[in-house]
Amino acid sequence: MDVDTRVLRYFATVAEEGSLTRAAQQLYVSQPALTKQIRQLESALGVPLFTRSRGGMALTEPGRALAARVPALLAGWEAALRETRSAGRRADRILRVGFLASAANEATQPIIAEFARRRSDWRAEMRQAAWSNPTAGLADSDVDVALVRLPFPGQEKLRVVELFSEPRCVALPETHPLAGRETIDFRELWDEPFVAAPPETGPWREYWLAADERDGHPVRIGAVTEQPDDWLTAIANGYGVALAPESAARFYTRPGVVHRPVTGVAPSRVAVAWAPADDADPVVRDFVRCCRQVCAGT
């Protein structure tokens, strides 16, 4: 029988976490979708892999047997995939750079220019990821390196170098009662509906809702979006407000939306990230050096 490696990764994560909720957050998928995949795997194998209870997911004897084999199987496949893609990258002289929204903002173009200077025979190919993929493709080995926003789920499994930080602002409909203010205190927004990232992004979503800076005040969700255009549309249509990097006021403008400085929330941090397996890759290392050099004075 054939089994998708993605399903095996789902199984391994649930086995490691002992919880569908935590596993779903790690995998950036919804809990119902994860539950369906696990049940389909059990059906295909003809054995129960987990015992389900209010306390979580406990491996059965067949589950433990599979869990003992899957990590090595996945590691072997990921190594083969990485080596194959790396060979293709070297042949084409293309470095795949994942990014979210505006990436490193004004620093992005100088970073790419510096990389072109260092590696004149290479090209940096920028690949934008949805907010439902906060690693910008690194988790699935779709890119070689990524410009990301901290914190994001799964970053402890990657190499991450912080480059700079910038204040957060709030994006509001231009008709909002607070839109005319020069500065807004975050407490004044606690009761507002917010435009949020998908629930499966976990810590990423919580950070952009400033969940830890509400003194326990519950969050109201007015809309859920995955891309900047949909995000702006939801705000312009009055479905909610949203926190954003200060640079969003320059990169993401739309009639009907205004950006205002907000106090009482921590700044947004920009970083470059890559897989530990690429620590010795000279091209990846050069790109990271370019990021550090360009952003040193940011």
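All values reported here derive from a predicted model rather than from experimental measurement.

J.: Quick rundown of the sheet that holds strand S8 (residues 184–185)? Include the residues and the values.
T.: With respect to topology, four strands assemble into an open sheet ordered S8-S12-S7-S11, the strand pairing being mixed. Edge positions in the open sheet fall to S8 and strand S11 (242–245), since each of these has one partner strand only.

J.: Tell me what's going on with the packing of helix H1 (residues 5–17) against helix H2 (residues 20–27), and back it up with residues and numbers.
T.: It is the contact of H1 with H2, at a shortest axis distance of 8 Å, that shows an interaxial angle of 130°. As summarised for this structure, H1 and H2 are arranged oblique, according to the angle between their axes. Considering how the two elements wind past one another, H1 and H2 form a crossing that is right-handed. Packed against H1, whose contacting residues are Arg-9, Tyr-10, Thr-13, Val-14 and Glu-17, the element H2 presents Leu-20, Arg-22, Ala-23, Gln-26 and Leu-27 at the interface. Partitioning the contact of H1 with H2 into residue classes produces five nonpolar, two polar and three charged.

J.: Summarise the pattern of salt bridges; cite the residues concerned and give the values.
T.: This structure, assessed with the given rule, holds 20 salt bridges. Close ionic contact of Asp-286 with Arg-118 constitutes a salt bridge, the shortest N to O distance being 4.0 Å. Pair noted here: Asp-286 is in helix H9 (residues 282–295) and Arg-118 is in helix H5 (residues 108–118), with a separation of 168 residues, a long-range link. Its relative accessible area of 11% is what places Asp-286 among the buried residues. Residue Arg-118 is classed as partly exposed on the basis of its relative accessible area of 32%. For Arg-187, the salt bridge identified is with Asp-215, shortest N-O distance 3.0 Å. Placement of Arg-187 in the loop between S8 and strand S9 (193–196) and of Asp-215 in the loop between helix H6 (203–208) and strand S10 (220–224) is noted, with a sequence separation of 28 residues between them. The exposure class assigned to Asp-215 is exposed, which follows from its relative accessible area of 62%. Connected through shared salt-bridge partners, Glu-114, Arg-117, Arg-118, Arg-119, Asp-286 and Arg-289 make up one network.

J.: Help me get a handle on the packing of H1 against helix H3 (residues 31–45), residues and values and all.
T.: Closest axis-to-axis distance for the H1/H3 pair is 10 Å, and the angle between their directions is 105°. The angle between H1 and H3 places the two elements in the roughly perpendicular class. Where H1 abuts H3, its residues Arg-6, Val-7, Tyr-10, Phe-11 and Val-14 lie against Leu-34, Gln-37, Ile-38 and Leu-41. Residue composition of the contact of H1 with H3, grouped by class: seven nonpolar, one polar and one charged.

J.: Just give me the short version of the side chain of Asp-278, but keep the residues and values in it.
T.: Position of Asp-278 relative to the elements: it lies in the loop between strand S13 (268–274) and H9. The exposure class assigned to Asp-278 is buried, which follows from its relative accessible area of 11%. Setting aside chain neighbours within four positions, we find Asp-278 in contact with Arg-82, Asp-144 and Val-284.

J.: Now, about the environment of Tyr-252: what can you tell me, with residues and values included?
T.: Within the secondary structure layout, Tyr-252 lies in the loop between helix H8 (248–251) and strand S12 (257–263). With 24 residues separating them along the chain, Tyr-252 and Pro-228 place their C-alpha atoms 7.6 Å apart.

J.: Any chance you could break down H5 for me, citing the residues and the numbers?
T.: Among all positions of H5, only Thr-108, Ile-111, Glu-114 and Phe-115 are buried. Down the axis, H5 shows its buried residues gathered within 130° of arc, on one side only. Exposed and oriented more than 90 degrees from the buried face of H5 are Gln-109 and Arg-117. Tucked into the core, H5 has its buried residues touching strand S3 (94–100), strand S4 (123–129) and H9.

J.: Tell me what's going on with H3, and back it up with residues and numbers.
T.: In a regular helix each residue adds 1.5 Å, so 15 residues correspond to 21 Å; H3 covers 21 Å between its end C-alpha atoms and thus fits that length. Looking at H3, one finds that the buried residues are Leu-34, Thr-35, Gln-37, Ile-38, Leu-41 and Glu-42. Seen from one end, H3 has its buried residues packed into an arc of 165°, which puts them on one side. What points out from H3, more than 90 degrees from its buried face, is the exposed set Pro-32, Lys-36, Arg-39 and Ser-43. Count one or two residues on from H3 and you reach Gly-46, which has phi positive near 80°.

J.: Before we move on, can you summarise the sheet that holds S3 with the specific residues and values?
T.: Overall, mixed pairing links the five strands, which are arranged S4-S3-S5-S13-S6 in an open sheet. The sheet terminates laterally at S4 and strand S6 (159–166), the two strands that pair on one side only. Averaged over all adjacent pairs, the angle separating strand axes in this sheet is 25°, with direction ignored. Running over the sheet, H5 touches S3 and S4 and is turned about 150° from S4.

J.: Residue-level account of unusual backbone geometry, with values.
T.: Here the residue pair Leu-150 and Pro-151 is connected by a cis peptide bond, since its omega of -5° sits within 30 degrees of zero. Note that Pro-151 resides in the loop between strand S5 (145–150) and S6. Non-glycine residue Ala-136 carries a positive phi angle of around 60°. As for its placement among the helices and strands, Ala-136 is situated in the loop between S4 and S5. Positive phi is not limited to glycine here, since Ala-210 has a value of about 50°. By the secondary structure assignment, Ala-210 is in the loop between H6 and S10. What makes Ala-210 buried here is its relative accessible area of 1%.

Calculation rules
- Residues numbered from 1 in each chain as written.
- Predicted model: local features only at pLDDT ≥ 70, side-chain atom pairs only at ≥ 80, totals over all residues.
- Heavy atoms only, no water.
- Pairing = 2+ DSSP bridges.
- Helix = DSSP H or I, 4+ residues; strand = E, 2+ residues; numbered from the N terminus.
- Axes fitted to C-alpha atoms, helices over the stretch in contact; angles between N-to-C directions.
- Parallel < 35°, antiparallel > 145°, perpendicular 65-115°, else oblique.
- Left-handed = near helix turned anticlockwise from the far one by under 90°.
- Contact = heavy atoms within 4.5 Å.
- Nonpolar A, V, L, I, M, F, W, Y, C, P; charged D, E, K, R; others polar.
- Salt bridge = Lys/Arg side-chain N within 4 Å of Asp/Glu carboxyl O.
- Buried < 20%, exposed > 50% of the residue type's maximum accessible area, 1.4 Å probe, protein only.
- Arc of directions from axis to C-beta.
- Expected span 1.5 Å × (residues − 1).

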